Protein chains: 2
Amino acid sequence: MTVTASRLAIPGWIELSQATDARGILTSIESRLDIPFEPKRVFFITDAAGDRGNHAHRFTNQLIVSAAGEFAVDVSTGGDWTTYDMVHRNRALFLPPMSWVRLHDFSSDAVCLVLADTSYADAVYIRDWEEFVRETALKNS
Amino acid sequence: MTVTASRLAIPGWIELSQATDARGILTSIESRLDIPFEPKRVFFITDAAGDRGNHAHRFTNQLIVSAAGEFAVDVSTGGDWTTYDMVHRNRALFLPPMSWVRLHDFSSDAVCLVLADTSYADAVYIRDWEEFVRETALKNS
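This is a predicted model, so every value here is computed, not measured.

Quick notes on the rules
- Residues numbered from 1 in each chain as written.
- Chains lettered and ligands numbered in written order.
- Predicted model: local features only at pLDDT ≥ 70, side-chain atom pairs only at ≥ 80, totals over all residues.
- Heavy atoms only, no water.
- Contact = heavy atoms within 4.5 Å.
- Buried area = accessible area lost by both parts, 1.4 Å probe.
- Salt bridge = Lys/Arg side-chain N within 4 Å of Asp/Glu carboxyl O.
- Helix = DSSP H or I, 4+ residues; strand = E, 2+ residues; numbered from the N terminus.
- Nonpolar A, V, L, I, M, F, W, Y, C, P; charged D, E, K, R; others polar.
- Pairing = 2+ DSSP bridges.
- Expected span 1.5 Å × (residues − 1).
- Polar contact = N/O pair within 3.5 Å; in protein donor to acceptor, adjacent residues only side chain to side chain.
- Phe/Tyr/Trp six-rings, centres within 6.5 Å; stacked < 30°, edge-to-face > 60°.
- Lys NZ or Arg CZ within 6 Å of the ring centre and 35° of its normal.
- Buried < 20%, exposed > 50% of the residue type's maximum accessible area, 1.4 Å probe, protein only.
- Least-squares fit on C-alpha atoms with pLDDT ≥ 70 in both.

J.: What should I look at first to understand the interface of chain B and chain A in this one?
T.: Often the size quoted for an interface is simply the accessible area lost on bringing the parts together. At the junction of the two partners, chain B supplies 33 residues and chain A supplies 33 residues. Taken over both partners, the interface formed by chain B and chain A buries close to 2900 Å², and the fraction arising from carbon and sulfur atoms is 52%. Here chain B and chain A share two salt bridges between them. For R41 of chain A, the salt bridge identified is with E30 of chain B, shortest N-O distance 3.4 Å. Elements with a contribution of two residues or more to the side of chain B that touches chain A: β3 (24-30), β4 (41-46), β6 (62-68) and β11 (111-116) of chain B. When residues of the side of chain B that touches chain A are assigned to their parent elements, the largest contribution, seven residues, is made by β3 of chain B. The class makeup of the residues in the side of chain B that touches chain A is 18 nonpolar, six polar and nine charged. The pairing of strand β3 (residues 24-30) of chain A with β4 of chain B spans six bridges and is classified as antiparallel. Across the sheet, residue I25 of chain A finds its bridge partner in β4 of chain B, namely T46 of chain B.

J.: Any chance you could explain helix α1 (residues 129-140) of chain A here in plain terms?
T.: Two residues of an α-helix separated by three or four positions point the same way, owing to the 3.6 residues in each turn. Over its 12 residues, α1 of chain A runs 16 Å from end to end, which matches the ideal 16 Å to within 8%, given 1.5 Å per residue. Looking at where α1 of chain A begins, the residue whose side-chain oxygen comes 3.3 Å from the main-chain nitrogen of E130 of chain A is D128 of chain A.

J.: Looking at this structure, I do not really get the environment of N54 of chain B. What am I missing?
T.: The residue N54 of chain B is located in strand β5 (residues 52-57) in this model. With 47 residues separating them in the primary sequence, N54 of chain B and V101 of chain B have C-alpha atoms 5.6 Å apart.

J.: Is there a simple way to explain the packing of aromatic side chains in this structure?
T.: Between two aromatic rings, the relevant description is the distance of the centres plus the angle of the planes. Residue and element names in this part refer to chain A. For the coordinates displayed, the defined rule picks out 16 aromatic pairs over all chains. Arranged with centres 5.2 Å apart and planes meeting at 85°, the rings of W13 and Y84 form a pair that is edge-to-face. Here W13 is found in strand β1 (residues 12-15), whereas its partner Y84 is found in strand β8 (residues 81-86), with 71 residues between them in sequence. A network of ring pairs unites the aromatic residues W81, W100, W129 and F132 as a single cluster. In this structure, R91 packs its charged tip against the face of W13, placed 5.3 Å from the ring centre.

J.: Would you take a moment to explain the sheet that holds strand β12 (residues 125-126) of chain A for this structure?
T.: Across a sheet, paired strands are connected by hydrogen bonds in the backbone, their directions being either parallel or antiparallel. All names here are of chain A. The strand order across the open sheet formed by five strands is β8-β7-β10-β5-β12, and the pairing between neighbours is antiparallel. Since the sheet does not close on itself, it has two edges, and those belong to β8 and β12, each with one partner. As judged from the six bridges shared by strand β7 (residues 71-76) and β8, these two strands associate in the antiparallel manner. If you follow A72 over to β8, its bridge partner there is D85.

J.: Is there a simple way to explain the side chain of T136 of chain B in this structure?
T.: Residues and elements named next belong to chain B. Within the secondary structure, T136 is located in helix α1 (residues 129-140). Exposure remark for T136: the relative accessible area of 3% places this residue in the buried category. Among the polar contacts listed, one links the side chain of T136 to the backbone oxygen of V133, at a separation of 3.0 Å. T136 has contacts with T77, G78 and M98, leaving out every residue within four places of it along the chain.

J.: Quick question: what am I supposed to make of the relation of the copies chain B and chain A here?
T.: Look at the two chain copies: a rotation about an axis and a shift along it is all it takes to match them. Turning chain B through 180° and shifting it by 0.0 Å along the axis lays it on chain A, with an RMSD of 0.0 Å. The two molecules are tied by a two-fold rotation axis, judged by turn and shift. Proximity to the rotation axis, assessed at the C-alpha, singles out P39 of chain B in chain B; its C-alpha lies 3.3 Å from the axis. A share of 100% of the interface residues of chain B reappears at the interface of chain A, consistent with the copies meeting face to face through the same patch.

J.: How do you make sense of the environment of I35 of chain B when you look at a structure like this?
T.: Residues and elements named next belong to chain B. Positionally, I35 belongs in the loop between β3 and β4. Here I35 falls in the buried class, since its relative accessible area comes to 0%. C-alpha separation for the pair I35 and T83, spaced 48 residues apart in sequence, amounts to 21 Å.

J.: How should I be thinking about the pattern of salt bridges in this particular structure?
T.: A side chain of one charge can pair with a side chain of the opposite charge if their charged atoms are brought near each other. Residues and elements named next belong to chain A. The tally for this structure, following the rule as stated, stands at 16 salt bridges over all chains. When the shortest N-O distance is used, the salt bridge between R58 and E131 registers 3.5 Å. A residue pair is termed long-range when its members are at least 10 positions apart, and R58 in the loop between β5 (52-57) and β6 (62-68) and E131 in helix α1 qualify at 73 residues. Since its relative accessible area comes to 24%, R58 is described here as partly exposed.

Following this line, the structure appears as structure tokens:
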């Protein structure tokens, strides 16, 4: 699947390709083919407990994948909330800039894999919900 | 840690930074900071059994990380073999082009995460050990 420009606009699922045989399951993510960006930072969260996130990125595109176990991601772009159940290895969640996220309900074996197109130093976080809502309301007005 | 040019030459460990708190452990990999390349393809292997790999990449730089569980990687650049035990989340294995790899002894919960700087279409594999040895001998002569 080649990602089109329209995929840049809103949060949603991206189906990843998988190669399955007797040796295991290989799930792959290719820049500019599966995802509409080039990762500058790749990180993964293990031994997760409680909530994580509770912020938005001002400029960063992200892809979230459950590489093992399960968790859930609540997403809002300023209005309604959508909950994404991160259960399938090949069903990744794409988040454009200005997506508020909350990650929760991690299984003990969960591996939350994230690809981001900014370095940590260059990422700009919004950690105040009211500020986030004000900014998204202005953008959409 | 900033990766220097000398890291490009030979296979070896790269220590990754980790942020650990009550919410879990976040292990991160930043392009051009932790690793000497920009990933074009990210893939992960789950439910692995038996051997994988048994090839070399002619042009591709790779980073292999154990995001969960354990496995081992045998590496040769044409001469001796080194076995790397992939046990720690923050100890990644860097492989420059022309590294023959064999992955084995996966635990049932292993997640083998790989970052590569070529797309699958652009990767050139050498799958014949004798050919690989001939080429590395020529290069080193």
